[in-house]
Amino acid sequence: MTETDRPDSAGAPISPAAPPAPEGVPVPKRVRVHHLRQAKERGEALTMLTAYDAVTARIFDEAGIDILLVGDSIGDNMLGHPTTIPVTVDEMIPAVRAVARASRRALVVADLPFGSYEASPQQCLATAVRMLKEAGAHAVKFEGGAHLAEHVRLLTRSGIPVVGHLGFTPQAENLLGGKRVQARDNDAAEQLVADALALADAGAVAVVLEMVPAPVAERVTEVLPVPTIGIGAGPGCDGQVLVWTDMAGMTGWSPRFAQRFGEVGAELYRATRAYARAVRERAFPAPEHTYER
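Residues numbered from 1 in each chain as written. Predicted model: local features only at pLDDT ≥ 70, side-chain atom pairs only at ≥ 80, totals over all residues. Heavy atoms only, no water.

Per an unreviewed UniProt entry, the recorded name for the protein chain is 3-methyl-2-oxobutanoate hydroxymethyltransferase, and the organism is Georgenia ruanii. Quoted verbatim from the Sequence similarities (unreviewed entry) field of the UniProt record, the comment on the protein chain reads "Belongs to the PanB family." Word for word, the UniProt comment on the protein chain under Catalytic activity (unreviewed entry) is "(6R)-5,10-methylene-5,6,7,8-tetrahydrofolate + 3-methyl-2-oxobutanoate + H2O = 2-dehydropantoate + (6S)-5,6,7,8-tetrahydrofolate". (UniProt positions renumbered as here; feature names shortened; annotations may be inferred.)

Novice: I tried to follow the UniProt feature "binding site: 3-methyl-2-oxobutanoate" (unreviewed entry) in the protein chain on my own but got confused; where do I start?
Specialist: Residues annotated in UniProt with the feature "binding site: 3-methyl-2-oxobutanoate" (unreviewed entry) correspond here to D72, S73, D111 and K141. Annotated residues spanning 70 residues; largest pairwise C-alpha distance 12.3 Å, indicating a single compact cluster. The annotated residues contributing to the lining of the largest pocket are D72, S73, D111 and K141. Within the secondary structure, D111 is located in strand β3 (residues 107-111). Aside from chain neighbours lying at most four places away, what touches D111 is L69, V70, G71, D72, M92, M131 and K141. In this structure, K141 sits in strand β4 (residues 139-141). A polar contact of 2.8 Å, which involves the side chain of K141, links it to the side chain of D111. (1 Å grid on protein atoms, 1.4 Å probe; cavity = no way out; pocket = protein on both sides within 12 Å on 5 of 7 lines; lining within 4 Å. Helix = DSSP H or I, 4+ residues; strand = E, 2+ residues; numbered from the N terminus. Contact = heavy atoms within 4.5 Å. Polar contact = N/O pair within 3.5 Å; in protein donor to acceptor, adjacent residues only side chain to side chain.)

Novice: What is the right way to read helix α6 (residues 149-157) from this model?
Specialist: Along an α-helix, a turn takes 3.6 residues, which lines up residues three or four apart on a common side. Those residues of α6 that sit buried are A149, H151, V152, L154 and L155. The inward-facing, buried residues of α6 abut α5 (121-133), β4, β5 (162-167) and α8 (186-202). Positive backbone phi, at 90°, marks G159, one or two positions downstream of α6. (Buried < 20%, exposed > 50% of the residue type's maximum accessible area, 1.4 Å probe, protein only.)

Novice: Got a minute to help me understand the layout of surface pockets in this structure?
Specialist: Over the atoms rolls a probe the size of a water molecule, and in doing so it shows where empty space is left. Of the volumes computed, that of the largest pocket is approximately 940 Å³. Together, 39 residues line the largest pocket, and E210, M211, I231, P255 and F257 are the ones closest to its centre. Class assignment for the residues of the lining of the largest pocket results in 18 nonpolar, ten polar and eleven charged. In this structure, the second largest pocket spans a volume of roughly 430 Å³. Residue lining of the second largest pocket: 24 residues in total, with G144, G145, G167, T169 and L176 positioned closest to the centre. Those elements that place two or more of their residues in the lining of the second largest pocket are β5, α7 (173-176) and α8. For the lining of the second largest pocket, the element with the highest residue contribution is α8, accounting for four residues. (Points joined across faces, edges and corners; volume = space filled by probe spheres on them. Nonpolar A, V, L, I, M, F, W, Y, C, P; charged D, E, K, R; others polar.)

Novice: Help me understand the pattern of salt bridges, please; the structure alone is not making it clear to me.
Specialist: Two side chains with opposite charge may pair up if their charged atoms get near one another. Here the structure, examined in full by the defined rule, presents twelve salt bridges. Linking D90 and R130 is a salt bridge whose minimum nitrogen-to-oxygen distance equals 3.3 Å. Taken as a pair, D90 in helix α4 (residues 89-102) and R130 in helix α5 lie far apart in primary sequence, 40 residues in all. Using a relative accessible area of 29% as the deciding quantity, one classes R130 as partly exposed. Residues joined by salt bridges that share partners form a network here, namely D90, R130 and E134. (Salt bridge = Lys/Arg side-chain N within 4 Å of Asp/Glu carboxyl O.)

Novice: I tried to follow the sheet that holds β4 on my own but got confused; where do I start?
Specialist: The strands making up a sheet associate through backbone hydrogen bonding, with each pair oriented either parallel or antiparallel. Strand order in the closed barrel made by the eight strands is β1-β2-β3-β4-β5-β6-β7-β8, with parallel pairing throughout. Across this sheet, the average inter-strand angle for adjacent strands is 25°, counted without regard to direction. On the sheet, α5 packs against β3 and β4 and is oriented at approximately 135° with respect to β4. (Pairing = 2+ DSSP bridges. Axes fitted to C-alpha atoms, helices over the stretch in contact; angles between N-to-C directions.)

Here you go:
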């Protein structure tokens, strides 16, 4: 069986039209939760990016990204909200569905938005079930520590993988006093370690660490049996995640922790200007773009 006709673990054939995998990236085979722990054990760095639509999800998937996070960051990156807090479950589901449909290899993780899981483990389960049944996610992520261990435990018992999220938790921005680095003092750092261990003990398959000092993230990574995924948490985590618009340079500003690996926004601006000029000058459409009788 060739690499182009070998089915993936979901039974879908791998399209021969897909571009070849980049050097060092395995041929498409669905990333599963046990692969995350195996990567940690082997010391292999995990890659995660946000995705909110099928077009970018397909590109990231074919580029070899391990985990696609359909984050509630869709709110302040795609929907025009100032924060993630206004995002609803009904807004998340079409985005998750689009990313899941476009992905052949990556593990698709869906955020549970603010207000959709905090009240009880049962509320959390109901929202998570929608993300899997209606949208096709493979796992869910939500913010919070040991006080949500029962939520994690119930979802895990129900067959739903959970990714935790500690450190700066954007849904709690109003309580935290804005976008601030967390766990700077010893007590807060120890609490972060305890929260991470509680989530892992309850069944979490990975934990995102956002905006925490690198030594603290390293300590959590050392003691945790499951992978840590850092965002503004230094190089010592088991993997890294970025919001894709920060990674690709889609805006004029990026947070300190986000390297711009391209300037896609500037290129899109140039392409748009060139298109508008060609239309106004009636240079487009040219004869090669026109149908004749």
